[in-house]
Amino acid sequence: EVFEIRYLNVIFLIAGITTAMHSYKKHMKGVVNYKKGLQIGMFITLAAVLPFALFIFLYLNIDDGFLSLVEKASDFQEYISPGTVASYIGLEGICSGSIITFIVMQFYKKKQKN
């Protein structure tokens, strides 16, 4: 019901990805390969999103009241199940993480010499 909480997830993803990139850049003495940076960002995203999606899947299997609340808030009530909700959350998180990783990498990529 509180849509703004999603923004908090984005802030956590930004903080995690940025921290990982900064740590990797420090470890590699200032050189971040673009492809490696994207891999690190996606790893951080998957490490954050997949356990949360699994938790939601398990929780919705246990708490029928919460699942019925989600069904009421959805336009596609006949398709709502713990699996579809967890898949949607996973997909949404992976898409957000991909976009955030791409944006963060613009600040950490190796500069081209002219």
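Every chain begins its residue count from 1, and numbering advances along the sequence as written. Side-chain atom pairs in this predicted model are given and counted only at pLDDT of 80 or more, local residue features only at pLDDT of at least 70, and totals for whole chains, interfaces and linings cover all residues. Processing note: side-chain calculations cover all non-hydrogen atoms of the structure and skip hydrogens and water entirely.

(A) Main features of the overall build of the protein. Helix and strand assignments follow DSSP, with helices taken as H or I runs no shorter than four residues and strands as E runs no shorter than two, numbered in order from the N terminus. What the protein contains, in helices and strands, is four helices and zero strands. When the elements of the protein are put in sequence order from the N terminus, they spell out α-α-α-α. Taking 13 Å as the expected radius of gyration for a compact globule of 114 residues, we find that the protein reaches 18 Å, considerably beyond that expectation. Expressed along its principal axes, the backbone C-alpha trace of the protein runs to roughly 60 × 20 × 20 Å. Within the protein, the fraction of its 114 residues that count as buried is 25%. Radius of gyration: over C-alpha atoms. The globule rule applied is 2.2 Å multiplied by the number of residues raised to the 0.38 power. In this scheme, a residue with accessible area under 20% of its type's maximum is buried, one over 50% is exposed, and one in between is partly exposed, where area comes from a 1.4 Å probe on protein chains only.

(B) Quick peek at the packing of helix H2 (residues 34–62) against helix H4 (residues 82–108). Following both chains from N to C, one finds H2 and H4 inclined at 160 degrees, their axes separated by 8 Å at the closest point. Here H4 runs roughly antiparallel to H2, going by the angle between their axes. Crossing hand, H2 versus H4: right-handed. The nonpolar class holds Ala, Val, Leu, Ile, Met, Phe, Trp, Tyr, Cys and Pro. Asp, Glu, Lys and Arg form the charged class, and all remaining residues, Gly among them, are polar. Tallied by class, the residues present in the contact of H2 with H4 amount to 17 nonpolar, 11 polar and no charged. To get an axis, a line is fitted to the C-alpha atoms, and for a helix only the part in contact is used. The angle between two axes follows their N-to-C directions and goes from 0 to 180 degrees. Between 65 and 115 degrees an angle is taken as roughly perpendicular, under 35 as roughly parallel, over 145 as roughly antiparallel, and anywhere else as oblique. Left-handed describes a crossing in which the near helix is turned anticlockwise from the far one by less than a right angle; the clockwise case is right-handed.

(C) Broad picture of H2. The terminal C-alpha atoms of H2, which comprises 29 residues, lie 42 Å apart, in line with the 42 Å expected from a rise of 1.5 Å per residue. When we look at burial in H2, the residues that qualify are Gly37, Ile40, Gly41, Thr45, Val49, Ala53, Ile56 and Leu60. Two residues qualify as a contact provided that any one of their heavy atoms is within 4.5 Å of a heavy atom in the partner residue. Looking at the packing, one finds that the buried side of H2 touches helix H1 (5–27), helix H3 (64–73) and H4. Helix span is expected to be 1.5 Å times the residue number reduced by one.

(D) Summary view of the packing of aromatic side chains. For Phe, Tyr and Trp, rings pair up if their centres lie within 6.5 Å, where Trp contributes its six-membered ring, and each pair is then called stacked (planes under 30 degrees apart), edge-to-face (over 60) or tilted (otherwise). Going through the model one piece at a time under the given rule, you end up with three aromatic pairs. With 5.8 Å between their ring centres and 65 degrees between their planes, Tyr59 and Phe66 make a pair best called edge-to-face. Tyr59 gets classed as partly exposed once you look at its relative accessible area, which sits at 34%. We classify Phe66 as partly exposed; its relative accessible area is 32%. Among the aromatic residues, ring-to-ring pairing joins Phe52, Phe55, Tyr59 and Phe66 into one connected group.

(E) Structural context of the nonpolar core. Residues Leu13, Ile17, Ala20, Met21, Tyr24, Val32, Ile40, Ile100, Val104, Met105 and Tyr108 constitute the largest nonpolar core, which totals 11 residues. The set of elements that each furnish at least two residues to this core consists of H1 and H4. Counting residues per element, this core draws most heavily on H1, at five residues. One finds Ile56, Leu60, Leu67 and Val85 within the second-largest nonpolar core, a separate group that totals five residues. As used in this record, nonpolar core signifies buried Ala, Val, Leu, Ile, Met, Phe, Trp, Tyr and Cys residues forming a set joined through side-chain atoms within 4.5 Å.

(F) Inspection of the confidence of the model for the protein at higher detail. A residue's pLDDT is simply how confident the predictor is in it, with values from 0 to 100. Across the protein, pLDDT averages 85, with 93% of residues at or above 70. The spread of mean pLDDT over the elements of the protein runs between H3, the lowest at 78, and H2, the highest at 92.

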